[in-house]
Structure formats: C-alpha cells, structure tokens
Amino acid sequence: MTAYAQATAPSAHGQLTWELRSVNQRYLDVSPRLPEDFRVLEPTVRQRLKERLARGKVEVSLRFQADSAMAGDRLKVNHELARALVDAHDEIAELAGGSAEPDLVHLLDWPGLIEQSRPDLEEDRDQALALFDQAVDALVDAREREGAAIAEMLGTRLAGMQREAESVRGHLPEIRKALEQRFRDRLAALEAPVEPGRLEQELVLQLQKLDVDEELDRLDAHVAELNRVLTLDEPVGRRLDFLMQELNREANTLGSKAALAEIGQAAVELKVLIEQMREQVQNVE
C-alpha cells in the first residue's frame, strides 16, 4: 500500500529525521538505511514495523545531523604525532640543502593526526526509537486513508457486478424459450417421427449444460463475502486475493455457457470489473 511519512525532532546531540515510504508488495519487505552510530536499532525497527504492518515494501531511512559545537569538541590534535611530522619535515628539508615551511594541508591528511572521539549516543538512540513510533503512526494513518478510498472503489465495482448478475438472471427465461424453439425447428426440418418425451429429455439435457444459476448463486455469495470482508478491522489483503480468484473462475464459467450475446457481454463486463478490483486489491493490506 502506497504511503509516505516523515518525523523530525531534536535529540541530545543533534537532530533526527525519519522517512518512511511504503509501496505495493504481496508480503512485508523492510529495507532500513541507518547511520553507522544507529545501526544497532535495525532489529528493533524491523520488529516494530512487523507488529504494525502485514504487507508492503517499506523503505526506512534515518538522518542524524550532529550539533556543530559537538562536532568541534570531538576533534583533537595528536600533538606528539604533529611534532614528529614537523621535525621529520625539517630534517628532510635540511638534507635537501634548503628550508621550506611545512605544507599544513598535506600534514592534516596524515592518518591519526586529527583524532575524532565518538560521543555516547545512547540517549539519541532512545529518542530515535520514540520518534520512529511517531513516524510509523503517521504511515499507518496514511495507509488507512488510502485503504478507505480503495474500499469505496471496490464497493462501486461490486455493485456493478451485482447489476450484471441480475441482468443475466433476467435473460434466463429467454434462453430456455429460445433453446426449446431451436429444438422444435430442427425436429420439424428432419420430418421424422420423434419418440414421445424425447424432445423434453433433450431439452432438459441442454438446459443443464447451459444452466448458470449455480454460477450466479456463487457469484452472489462471493460478492456478499467481499462486502463483509471490507468492513473488517483487520488485514484482509490475502483474503481479498483469494476471493478475486473465485470471482474470476465464476465469470469464466459463465462466459463458456453463454447462450445469448447479452450473457457473453455480461461475462466480459464481469471480467473487466474483476480485473480492476484485482489491481487495487494488491494495494490492500
């Protein structure tokens, strides 16, 4: 389910910013990107998302901007190494037969000349987790708003399916009458005697082959179940996936039994509605 959330707040040693992005995915797939000092939070981040979400590909990123004053306090010059480098520079210059001022730019690149202490960020990590929970709340709210919009769209498509099913039921008497007339015309063309009751037997057999009452009943049952599932306050995405498969099966069977062009067209319209719903169901948790 597509959603985005961001949460920013100051921390003990700087500023924290969480960004969460969620896109469609059949299962839950979490991709965290955390600064090195906060990498220890990754298992907790995964677990908390797992407790709140069931589906979706979720990208999680944390930015930590340290206070400039703190950054300056963390830089220390290794005085012993600096003196040794200057002495070495002077000695080499003397051996070369001249003198030159030390190149400070190159000296600063010497490994270990500038030492950077690592502050204790335990308090910042705790604050980061508290802020993460706020970001997850915002993400869940965004997903719920999208879910409500999708549910409304699915409800419209389900109402359309019910109308198509009622249209097919309205054509059933016409189908039976047309089939009976077709048999009578064929028998009249043969100009041969027919055993008593044979016409009725053949007519019953053909009607059984073309009978779509059972498919329509199952279609109604699936539509009713979908309407019920959409009202549940729990993850229903996988259940909706299954019901989409069942609806598609009934629409295919209905199309294969179409004895009138109107029923064939209704089957096509049903498949179009089902496909539209199937695409949106992939966005539902």
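Criteria and cut-off values
Note that residues are indexed from 1 along each chain, following the sequence as it is written. Totals for whole chains, interfaces and linings use every residue, but because this is a predicted model, local features are given only for residues with pLDDT of at least 70 and side-chain atom pairs only at 80 or more, for both listing and counting. Note that the side-chain values use all heavy atoms of the structure and ignore hydrogens as well as water. Here a strand is any run of E in DSSP of at least two residues, a helix any run of H or I of at least four, and the numbering for each starts at the N terminus. Summary of the burial criterion: residues with accessible area below 20% of their type's maximum are buried, those above 50% are exposed, and those between are partly exposed, where the area comes from a 1.4 Å probe applied to protein chains only. A contact between two residues is defined here by any heavy atoms of the two lying within 4.5 Å. Exposure was quantified through the Shrake-Rupley algorithm and a 1.4 Å probe, taking into account, for residues, occlusion by the shown protein chains and nothing else. Between any two strands, at least two bridges found by DSSP are needed for them to pair. Only C-alpha atoms enter the line fits that serve as axes; for helices the fit covers just the stretch in contact. Angles between N-to-C directions range over 0 to 180 degrees. Contacts described as polar in this section are N or O atom pairs within 3.5 Å, which, within protein, must combine one atom able to donate a hydrogen with one able to accept it, while residues neighboring in sequence count only if both atoms come from side chains. Take the number of residues in a helix, subtract one, and multiply by 1.5 Å to get its expected span. For salt bridges, the criterion is a side-chain nitrogen of Lys or Arg within 4 Å of an Asp or Glu carboxyl oxygen. Each direction from the helix axis to a C-beta atom contributes to the arc, which is the arc of those directions. The set of buried Ala, Val, Leu, Ile, Met, Phe, Trp, Tyr and Cys residues whose side-chain atoms join them within 4.5 Å is what this entry labels a nonpolar core. Centre distance within 6.5 Å is the pairing criterion for rings of Phe, Tyr and Trp, where only the six-membered ring of Trp is used; planes under 30 degrees apart are then read as stacked, over 60 as edge-to-face, and the remainder as tilted.

## Considering the overall build of the protein chain
1) Next: Counting secondary structure elements, the protein chain contains nine helices and six strands.
2) Next: Classification of the 285 residues of the protein chain by burial places 33% in the buried group.
3) Next: Taking the contacts inside the protein chain whose residues are at least 6 apart along the sequence as the reference set, 78% of them involve residues at least 24 apart.
4) Next: Element-wise, carbon and sulfur atoms account for 51% of the exposed surface of the protein chain, whose accessible area totals about 17100 Å².

## Details of the pairing of strand β4 (residues 56–66)
1) Next: Pairing geometry for strand β2 (residues 14–23) and β4, over ten bridges, is antiparallel. Within the sheet, the bridge partner assigned to Gln-15 lies in β4 and is Gln-65.
2) Next: Direction of pairing for strand β3 (residues 28–33) relative to β4: parallel, over a ladder of six bridges. Across the sheet, the residue bridging to Arg-33 is Ser-61, located in β4.

## Describing the sheet that holds β2
1) Next: The four strands lie next to each other as β1-β2-β4-β3, forming an open sheet whose pairing is mixed. Two strands lie at the open edges of the sheet, namely β1 (3–11) and β3, each paired on one side alone. The average undirected angle you get between the axes of adjacent strands in this sheet is 15°.
2) Next: With respect to the sheet, helix α1 (residues 42–52) is in contact with β2, β3 and β4, its orientation differing from that of β3 by roughly 150°.

## Some thoughts on the environment of His-13
1) Next: Structurally, the position occupied by His-13 is in the loop between β1 and β2.
2) Next: Measuring from C-alpha to C-alpha, the distance between His-13 and Leu-121 comes to 7.5 Å, with 108 residues separating the pair along the chain.
3) Next: Within the local environment of His-13, its side chain forms a polar contact with the side chain of Asp-124, the two groups lying 2.6 Å apart.

## Side note on helix α3 (residues 79–95)
1) Next: An ideal rise of 1.5 Å per residue puts 24 Å on 17 residues; α3 measures up with 24 Å between its terminal C-alpha atoms.
2) Next: Within two residues after α3, Gly-97 carries a phi angle of roughly 85°, on the positive side.

## Notes on the pattern of salt bridges
1) Next: Following the criterion strictly, the structure yields 17 salt bridges and no others.
2) Next: For the salt bridge of Glu-19 with Arg-21, the shortest nitrogen-to-oxygen distance reads 3.3 Å.
3) Next: One salt bridge connects Asp-137 with Arg-52, and the closest N-O pair in it is separated by 2.9 Å. Residue Asp-137 is located in helix α5 (residues 122–190), and its partner Arg-52 is located in helix α1; the two are separated by 85 residues in the primary sequence.
4) Next: With relative accessibility at 36%, the residue Asp-137 sits in the partly exposed group.
5) Next: Overall, the relative accessible area of 37% leaves Arg-52 in the partly exposed class.

## A closer look at helix α9 (residues 261–281)
Because an α-helix completes one turn every 3.6 residues, residues spaced three or four positions apart along the sequence face the same direction.
1) Next: The end-to-end C-alpha distance of α9 is 30 Å, a good match for the 30 Å that 21 residues give at a rise of 1.5 Å each.
2) Next: All buried positions along α9 are accounted for by Ile-263, Ala-266, Ala-267, Leu-270, Leu-273, Ile-274, Met-277 and Val-281. For α9, the angular spread of buried residues about the axis comes to 130°, placing them on one side. Along α9, the residues that are exposed and aim more than 90 degrees away from the buried face are Ala-261 and Glu-279.

## Considerations on the nonpolar core
Within soluble globular proteins, side chains that are nonpolar tend to cluster in buried spots.
1) Next: Counting residues in hydrophobic clusters, the biggest one holds 30 residues, and the most contacted among them are Met-161, Leu-240, Leu-247 and Met-277.
2) Next: Looking at this core, the elements that each hand over two or more residues are α5, α7 (213–229), α8 (237–256) and α9.
3) Next: With nine residues, the single largest contributor to this core is α5.
4) Next: When sequence neighbours within four positions are dropped, the list of residues in contact with Leu-240 reads Leu-154, Leu-226, Val-229, Leu-230, Val-281 and Val-284.
5) Next: Counting 26 residues, the second-largest nonpolar core is a separate cluster that includes Leu-20, Leu-49, Leu-53 and Phe-132.

## A closer look at the packing of aromatic side chains
1) Next: For the structure on display, the rule yields two aromatic pairs.
2) Next: Between Trp-18 and Phe-132, the aromatic rings sit 4.8 Å apart at their centres with planes inclined by 55°, giving tilted as the arrangement. Remark: Phe-132 occurs in helix α5 and Trp-18 occurs in strand β2; sequence separation between them is 114 residues.
3) Next: By relative accessible area, which is 0% here, Trp-18 ends up buried.
4) Next: With centroids separated by 5.1 Å and ring planes inclined at 55°, the aromatic side chains of Phe-38 and Phe-64 adopt a geometry described as tilted. Here Phe-38, found in the loop between β3 and α1, pairs with Phe-64, found in strand β4; they are 26 residues apart in sequence, far enough to count as distant.

Structural measurements only, silent on function.
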